[in-house]
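What follows is the residue order along each chain.
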Amino acid sequence: MATFIVLLGPPGVGKGTQAKILSEQSGLVHISSGDLFRENIKNQTELGKLAQTYMTKGELVPNDVTIAMIRERLHHPDCKKGAILDGFPRTPAQADALENMLHEFDGHVDVVPFITAAEDILVERLSARWTCRANGHIFNEKFNPEKEAGKCDFDGSELYQRDDDKAETVKRRIDVYLDQTSPLISYYRDHDKLVEIDGMQSIEQVTRDLLNALKN
Ligand code: ADP
Ligand code: ADP
């Protein structure tokens with residue numbers, strides 16, 4: 001049976017950072033809905049053009065196109081053993097769709113780590129986030145700087161600041177999270193899958209807590 005780990009938590013809490021580390025350690029592929037949308041924007045696909053109109057405002061891309069994109073991705077052979085899902089599901093409709101899709105390929109959601117941090121910390125982290133063009137590797141000018149200024153440690157590509165990481169958009173994204181995504185906390189708690197993780201600790205300590213949660 002394939003194992004799916006859903007990382008839940010507000011924008012800026014460290015889901016992408018931790019997903020990349022967990023993916024290396026577990027061998028499960030990291031699937032970020034935001035990265036998939038940004039890839040589509042880069043390639044100027046129809047989906048990318050549509051997604052961009054929502055992303056620049058900090059709004060969610062509609063459920064139907066998001067669900068279709070993820071279903072297509074989960075059918076790739078590298079998801080046979082499962083995946084670490086980062087940024088999906090983000091609404092109750094997406095969570096229901098995920099349950100239904102997983103039936104299609106004998107998978108189940110194993111654990112849902114819910115990473116938390118205070119709102120002022122999220123804003124501070126996002127305003128200092130730098131992302132790599134080639135593969136979405138994540139850095140932070142205050143908390144996790146790259147070794148050589150402006151260059152990704154892993155693939156040497158250029159680092160950039162995401163458009164939606166500016167202060168007004170970040171505020172909107174946090175409100176959208178509280179309104180549309182936070183209902184998933186009780187959804188997964190009711191299914192006995194939720195494990196709360198303190199995201200205000202160091203990156204290394206958060207990883208240790210996550211690995212513990214996944215072991216149990
Ligand atoms: P998310 O995917 O949840 O939006 P990211 O993983 O992109 O979050 O992290 C947001 C920013 O905060 C990045 O710049 C990242 O380097 C930084 N960051 C992640 N985890 C921590 C942490 N535990 N302490 C300090 N900064 C962190
Ligand atoms: P962060 O890691 O900072 O939370 P993401 O990269 O996950 O940001 O998402 C960036 C944007 O992409 C979101 O603000 C939203 O517009 C869109 N997006 C990503 N995932 C989803 C999703 N599951 N449903 C709808 N929109 C999404």
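Treat the numbers as computed from the prediction; the structure is a model and nothing was measured.

**Quick word on helix H5 (residues 92–104)**
Residue pairs spaced three or four apart in an α-helix point in one direction, given the helix's 3.6 residues per turn.
So, point 1. The end-to-end C-alpha separation of H5 is 19 Å, in line with the 18 Å expected for 13 residues at 1.5 Å each.
So, point 2. Along H5, the residues classified as buried are Gln94, Ala95, Ala97, Leu98, Met101 and Leu102. For H5, the angular spread of buried residues about the axis comes to 160 degrees, placing them on one side. For H5, the exposed residues lying more than 90 degrees away from the buried face are Asn100 and His103.

**Details of helix H6 (residues 119–127)**
So, point 1. Looking at H6, one finds that the buried residues are Leu122, Arg125 and Leu126. Along H6, the residues classed as buried sweep out an arc of 95 degrees about the axis, all on the same side.
So, point 2. Buried-residue contacts for H6 involve strand S5 (129–132), strand S6 (138–140) and helix H7 (167–181).

**Considerations on the site of ligand 2**
So, point 1. Surveying the vicinity of ligand 2 reveals 19 residues, the closest of which are Ser33, Glu59, Gly87, Arg129 and Arg173.
So, point 2. Between ligand 2 and Arg173, the relevant distance is 2.4 Å, taken from an oxygen atom to a side-chain nitrogen or oxygen of the residue.
So, point 3. For ligand 2, the accessible surface in isolation is 560 Å², of which the surrounding protein chains cover 96%.
So, point 4. Counting residues per element, the shell around ligand 2 draws most heavily on helix H2 (residues 33–42), which supplies 4 residues.
So, point 5. Of the residues belonging to the shell around ligand 2, the class tally is 6 nonpolar, 5 polar and 8 charged.

**Considering the packing of helix H1 (residues 15–26) against helix H9 (residues 203–215)**
So, point 1. The contact between H1 and H9 brings their axes to 10 Å, and the two run at 55 degrees. In terms of their interaxial angle, H1 and H9 are classed as oblique. In the packing of H1 onto H9, the handedness of the crossing is right-handed. Touching Thr17, Gln18, Ile21, Leu22 and Gln25 of H1 are Ile203, Val206, Thr207, Leu210, Leu211 and Leu214, all from H9.

**Quick notes on the nonpolar core**
So, point 1. Within the largest apolar cluster, 33 residues are counted, with the highest numbers of intra-cluster contacts made by Leu8, Ile31, Leu74, Leu85, Leu98 and Tyr188.
So, point 2. Counting residues per element, this core draws most heavily on H5, at 5 residues.
So, point 3. If sequence neighbours within four positions are ignored, Tyr188 has contacts with Val6, Leu8, Pro89, Ala95, Leu98, Val109, Val112, Lys193 and Leu194.
So, point 4. Counting residues in hydrophobic clusters, the runner-up holds 17 residues, among them Leu122, Leu126, Leu210 and Ala213.

**Overview of the sheet that holds strand S3 (residues 82–86)**
So, point 1. On the basis of which strands lie adjacent, the open sheet formed by 5 strands has the order S2-S3-S1-S4-S8 and parallel pairing. Pairing within the sheet leaves two strands with one partner each, and these edge strands are strand S2 (29–32) and strand S8 (194–198). Across the sheet, the axes of successive neighbouring strands diverge by a mean angle of 25 degrees, strand direction being ignored.
So, point 2. Pairing of strand S1 (residues 2–7) with strand S4 (residues 107–116) involves 4 bridges; the strand directions are parallel.

Quick notes on the rules
Residues numbered from 1 in each chain as written. Chains lettered and ligands numbered in written order. Predicted model: local features only at pLDDT ≥ 70, side-chain atom pairs only at ≥ 80, totals over all residues. Heavy atoms only, no water. Helix = DSSP H or I, 4+ residues; strand = E, 2+ residues; numbered from the N terminus. Expected span 1.5 Å × (residues − 1). Buried < 20%, exposed > 50% of the residue type's maximum accessible area, 1.4 Å probe, protein only. Arc of directions from axis to C-beta. Contact = heavy atoms within 4.5 Å. Near = heavy atom within 4 Å. Polar contact = N/O pair within 3.5 Å; in protein donor to acceptor, adjacent residues only side chain to side chain. Areas by Shrake-Rupley, 256 points an atom, 1.4 Å probe, with all protein chains shown as cover. Nonpolar A, V, L, I, M, F, W, Y, C, P; charged D, E, K, R; others polar. Axes fitted to C-alpha atoms, helices over the stretch in contact; angles between N-to-C directions. Parallel < 35°, antiparallel > 145°, perpendicular 65-115°, else oblique. Left-handed = near helix turned anticlockwise from the far one by under 90°. Core = buried A, V, L, I, M, F, W, Y, C linked by side-chain atoms within 4.5 Å. Pairing = 2+ DSSP bridges.

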